[in-house]
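For reference, the chains in residue letters:
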Amino acid sequence: MTAPRDIERSSLGSAVSHSLSVSPTAAFHSPLSSSQGGFLAGSLPHRAAAAKQLKPFSTEDIKILLLENVNQTGRDILKAQGYQVEFLKTSLPEDQLIEKIRDVHVIGIRSKTKLTAKVLQEAKNLLVIGCFCIGTNQVDLDYAAKHGIAVFNSPFANSRSVAELVIAEIISLARQLGDRSLEMHRGTWNKVSSKCWEIRGKTLGIVGYGHIGSQLSVLAEAMGMSVIYYDVLTLMAIGTARQVPTLEALLEEADFVTLHVPETPETKNMISAAQFERMKTGSYLINASRGSVVDIPALIKAMRSGKLAGAALDVYPNEPAANGDYFVNDLNAWAEDLRGLSNIILTPHIGGSTEEAQRAIGIEVAEALVRYINQGITVASVNLPEVTMRQLTLDEPNHARVIYIHRNVPGVLRRVNEILAEHNVDKQISDSKGDVAYMMADISDVKVEDIKEIRDSLDALNSRILTRVLY
Ligand SMILES: NC(=O)C1=CN([C@@H]2O[C@H](COP(=O)(O)OP(=O)(O)OC[C@H]3O[C@@H](n4cnc5c(N)ncnc54)[C@H](O)[C@@H]3O)[C@@H](O)[C@H]2O)C=CC1
Ligand SMILES: O=C(O)C(=O)COP(=O)(O)O
């Protein structure tokens, strides 16, 4: 295969000529003349001012901001492409985030950075968001899609790490390990067996039987637990686990309840006073999903009353932006009450924080970003339709890939094909997801002047969200 080709963004301030790499991790830097070079032909209504420039460019002009200590593996892949990569260990407060996001084509985040509509409307140049984690609740996915911004995540690279943490917590709560260890650290020998249990033969209730829940199910059964689960979907049981029809049925039967649902309006305060009431006296609650899922004041009451014998929390309604920030009441009004309870394990959102998980996530998300930036491939996007085409190479001088993100309304493809009709359309794929549709076409027998015309004509259609032409 020959060298890669170009991509372009209308809003890039400088020219870039650049290759589409054969491998998503291979760098490409092949300066092309403006007649050969790619350009970005895209614009959103709010990006319109910069949209009309046609400039050759190189990957060096792609600006990427990585927040929240994205793993070295991901940074290396992106840098190897020649992109400009700025890396910060922490998240950013909203005002600083808005300042920074104005300038970049790509942002990489983890679970803390909130990319709301308010923030995204300032992101005039943004092509794509990489969530280097599982959850995507921190991003306004709908706003992003409607503004032609793709979002990628890593759907299961840290599932095992979370499941292992939960196993550790089940045993730790059953044996009150956190309290014993704290006492010893303070110099107190307190040997007790009262209300300390084996987990063998106990029932684990898993709420949300997805990637993490089902992985946990296997591990728990291997340690002699009985597993029941509740999910909005009817899902195949693994091993001898059993699906129960309601959350209430699960709460009434389980000795340990563990939560593995996403943050959605339906899961907000899913476990509150009424649910604690349903739980067995002396049972345990574990939450490594999202802080919004548990009503914490109600949890504190359930702990104080003895209804719960213990709890483990890895996630909180408000989490500090950086390590070293204290877990205090300014962020969460009840923080001190929580810290004062016995047999409650509090961890700083470390469920997915293992070397294995972070390395794998870095690779998976960075490769998805490269595929999207360089080739327009949306496979594994969480908010755009999934569309793929072959890899572009430089040995097709009169070839271009046209990408047209548009509103999903009748008659668009007819108009698009009228515009492309003068050229040879080698392949065309179109798919839609909700209100947004994504069309990719590889065209040959096309000159740079034609490309400008194609881009301008597509931009003039009122269905347009974003046009890109890669060549
Ligand atoms: N503590 C940590 O570091 C981590 C936390 N997480 C959190 O864990 C969540 C779950 O992760 P996965 O298992 O990978 O997700 P998943 O999407 O594979 O599974 C979630 C399951 O929850 C079910 N569900 C959704 N709404 C529900 C409801 N209202 N009631 C009952 N079930 C419902 C879904 O049908 C699905 O089966 C993520 O969304 C993320 O928020 C994920 C990774 C690390
Ligand atoms: O993967 C997730 O959804 C997590 O909650 C882990 O988030 P983190 O990468 O540790 O910010």
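Residues numbered from 1 in each chain as written. Chains lettered and ligands numbered in written order. Predicted model: local features only at pLDDT ≥ 70, side-chain atom pairs only at ≥ 80, totals over all residues.

An unreviewed UniProt entry lists the protein chain under the name 2-oxoglutarate reductase, from Thermothielavioides terrestris. A UniProt comment under Pathway (unreviewed entry) is attached to the protein chain, and it reads "Amino-acid biosynthesis; L-serine biosynthesis; L-serine from 3-phospho-D-glycerate: step 1/3." Among the UniProt annotations of the protein chain, the heading Function (unreviewed entry) holds the following wording: "Catalyzes the reversible oxidation of 3-phospho-D-glycerate to 3-phosphonooxypyruvate, the first step of the phosphorylated L-serine biosynthesis pathway. Also catalyzes the reversible oxidation of 2-hydroxyglutarate to 2-oxoglutarate." (UniProt positions renumbered as here; feature names shortened; annotations may be inferred.)

This part is about the site of ligand 1. Neighbouring residues of ligand 1: 32 residues in total, closest Gly208, Gly210, Ile212, Pro262 and Gly351. At the level of secondary structure, the elements contributing two or more residues to the shell around ligand 1 comprise α6 (159-174) and α8 (211-222). Top element by residues in the shell around ligand 1 is α8. It accounts for 3 residues. Here the residues of the shell around ligand 1 are counted per class, giving 13 nonpolar, 14 polar and 5 charged. (Near = placed C-beta within 6 Å. Helix = DSSP H or I, 4+ residues; strand = E, 2+ residues; numbered from the N terminus. Nonpolar A, V, L, I, M, F, W, Y, C, P; charged D, E, K, R; others polar.)

It is worth spelling out the domain arrangement of the protein chain at this point. Under the domain assignment used here, the protein chain contains domain 1 (51-153 + 355-384), domain 2 (159-346) and domain 3 (385-470). Look at where the C-alpha atoms of domain 2 and domain 3 centre, and you get two points 49 Å apart. (Domains from an automatic or database assignment.)

Quick look at the nonpolar core now. Side chains of nonpolar character tend, in soluble globular proteins, to be buried together. Membership of the largest hydrophobic core comes to 73 residues, with the highest contact counts inside it found for Ile64, Val106, Val128, Ile129, Ile149, Leu369 and Val402. Residues lining this core come from more than one domain, with at least three contributed by each of domain 1 (51-153 + 355-384) and domain 3 (385-470). In contact with Val106, other than residues within four places in its own chain, are Ile62, Ile64, Leu127, Val128, Gly130, Leu369 and Ile373. Ranked by size, the runner-up nonpolar core spans 49 residues in total, among them Leu204, Met225, Ala254 and Leu308. (Core = buried A, V, L, I, M, F, W, Y, C linked by C-beta atoms within 7 Å. Buried ≥ 20, exposed ≤ 12 C-beta atoms within 10 Å, placed from the backbone. Contact = placed C-beta atoms within 7 Å.)

In the vicinity of ligand 2, the contacting residues are Arg110, Ser111, Lys112, Cys133, Ile134, Gly135, Asn158, His349, Gly351, Gly352 and Ser353. Partitioning the shell around ligand 2 into residue classes produces 2 nonpolar, 7 polar and 2 charged.

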